[in-house]
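Each chain is listed here by its residues.
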Amino acid sequence: MVSRLFVALLLLCLAAESCYGGVLFSSLPRTLEITASPQQGKVLRAGEDRITVSWGFNQSVQASDESYKRVKVSLCYAPVSQVDRGWRKTVDNLSKDKTCQFTIVERAYDASVRNHIYEWMIEKDVPEATYFVRVYAYNSAGEEVAFGQTTDVKKKSGLFEIRGISGRHLSLEIASICFSAFSVASLFGFFLIEKRKAKGFSKN
C-alpha cells in the first residue's frame, strides 16, 4: 500500500513538472546556426569589448521554422565556470536552467532573412567567467522550440573568457595621486604650524 502511494505521488510530481514549465532542453532540435566573433580561448573585457553574433535557420536540416515567432541570443556559462556554483547550474528543465543568464538580443523571428547579425557591447556587470553563446527560438506561446549554440554537445569548443572590470581606471589613478599629494601637503603644513607654536611657547 505504501509503495503504491509512493509511486502515485512520484507520477503526480512528474506530471506537474511537465505541465508547469515542462520544456526540456534535451527535447529541442538543433535547427539554428549561430556564430560569435570570439575565437576559442579569446579573452575579452566587460564594459570594453564587443561580441558580434550571427544566426539563422539551418537550411540543411529536415525541419520547418513555421512555428518560430521570436528568438533570443544569450551569453551562457561554460561548465568550467559552473563548478560549485548552484546559481549557474545547468538543468534539463529550461524553467529551472541557469546556464544562460545574459541576454545579448531578443527580437521577432524573420524567416525571410537567412543571416541575422548583431553587435553587442559586453555589459559591465557580466561576471568574470568562461562562456559560449546560445540562441533559442520561441513559439507563439513563449515556449522554446529550437536552439543553436557556438559550442559542441560537451561544451568544450568555441569557449571564450570575459574578464571583469578591474576597478582601477586612469581617472581613479589621477584622483588617488591628487589625494595622496594633498594629504602629504596637509601633513607638512600641520607640522610647520605646530613647530611655530612650539617656538612661540619657548620664547614666552
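Figured I'd write up the structure that's included with this text.

## Re the sheet that holds strand 6 (residues 116-121)
Ordered by their spatial adjacency, three strands build an open sheet running 1-3-6, and the pairing between neighbours is antiparallel. Each of the sheet's edge strands pairs with one partner strand only, and the pair in question is strand 1 (32-36) and strand 6. Along the sheet, successive strands turn relative to each other by an average axial angle of 20°, direction set aside. For strand 3 (residues 50-57) and strand 6, the ladder comprises six bridges, and the chain directions are antiparallel. Considered in strand 6, the bridge of tryptophan 55 is made with histidine 116.

## Digging into the layout of surface pockets
Unoccupied space between atoms shows up once a probe the size of one water molecule is rolled over them. One number sums up the size of the largest pocket: a volume of about 160 Å³. As for the largest pocket, its lining consists of Lys72, Ser74, Leu94, Asp97, Thr99, Cys100, Tyr136, Tyr138 and Glu144. Elements with a minimum of two residues in the lining of the largest pocket: strand 4 (70-77) and strand 7 (129-138). Counted by class, the lining of the largest pocket contains four nonpolar, two polar and three charged residues.

## Side note on unusual backbone geometry
The backbone of aspartate 84 sits at a positive phi, close to 60°, despite the residue not being glycine. With respect to the helices and strands, aspartate 84 occurs in the loop between strand 4 and strand 5 (100-108). Residue class for aspartate 84 comes out exposed when judged on its relative accessible area of 76%. Here lysine 155, not a glycine, exhibits a phi torsion of approximately 60°, which is positive. Its place among the elements puts lysine 155 in the loop between strand 8 (144-149) and strand 9 (160-163).

## Concerning the nonpolar core
Core analysis: the biggest nonpolar cluster contains 29 residues, and Val73, Leu75, Tyr131 and Ile162 have the highest contact counts within it. With five residues, strand 7 is the single largest residue contributor to this core. Membership of the second largest hydrophobic core comes to six residues, among which are Val23, Leu94, Tyr138 and Phe147.

## Here we look at the packing of aromatic side chains
Here the distance between the centres and the angle between the planes together describe a pair of aromatic rings. In total, this model carries eight aromatic pairs according to the counting rule given. An angle of 55° between the planes, with centres 4.6 Å apart, marks the rings of phenylalanine 25 and phenylalanine 147 as tilted. Linking phenylalanine 25 in the loop between helix 1 (2-19) and strand 1 with phenylalanine 147 in strand 8, this pair joins segments that are 122 residues apart in sequence. Owing to a relative accessible area of 21%, phenylalanine 25 belongs among the partly exposed residues under this scheme. Three or more aromatic residues joined by ring pairs make a cluster, and in this case those are Phe25, Tyr136, Tyr138 and Phe147.

## Concerning the state of the cysteines
According to the stated counting rule, one finds one disulfide in the structure shown. Bridging cysteine 76 to cysteine 100, the disulfide has an S-S length of 2.0 Å. On the sign convention where negative means left-handed, the S-S torsion of about 100° between cysteine 76 and cysteine 100 marks this disulfide as right-handed. Of this pair, cysteine 76 sits in strand 4 while cysteine 100 sits in strand 5, placing them 24 residues apart in sequence.

The rules we used
Residues numbered from 1 in each chain as written. Predicted model: local features only at pLDDT ≥ 70, side-chain atom pairs only at ≥ 80, totals over all residues. Heavy atoms only, no water. Pairing = 2+ DSSP bridges. Helix = DSSP H or I, 4+ residues; strand = E, 2+ residues; numbered from the N terminus. Axes fitted to C-alpha atoms, helices over the stretch in contact; angles between N-to-C directions. 1 Å grid on protein atoms, 1.4 Å probe; cavity = no way out; pocket = protein on both sides within 12 Å on 5 of 7 lines; lining within 4 Å. Points joined across faces, edges and corners; volume = space filled by probe spheres on them. Nonpolar A, V, L, I, M, F, W, Y, C, P; charged D, E, K, R; others polar. Buried < 20%, exposed > 50% of the residue type's maximum accessible area, 1.4 Å probe, protein only. Core = buried A, V, L, I, M, F, W, Y, C linked by side-chain atoms within 4.5 Å. Phe/Tyr/Trp six-rings, centres within 6.5 Å; stacked < 30°, edge-to-face > 60°. Disulfide = S-S within 2.5 Å.

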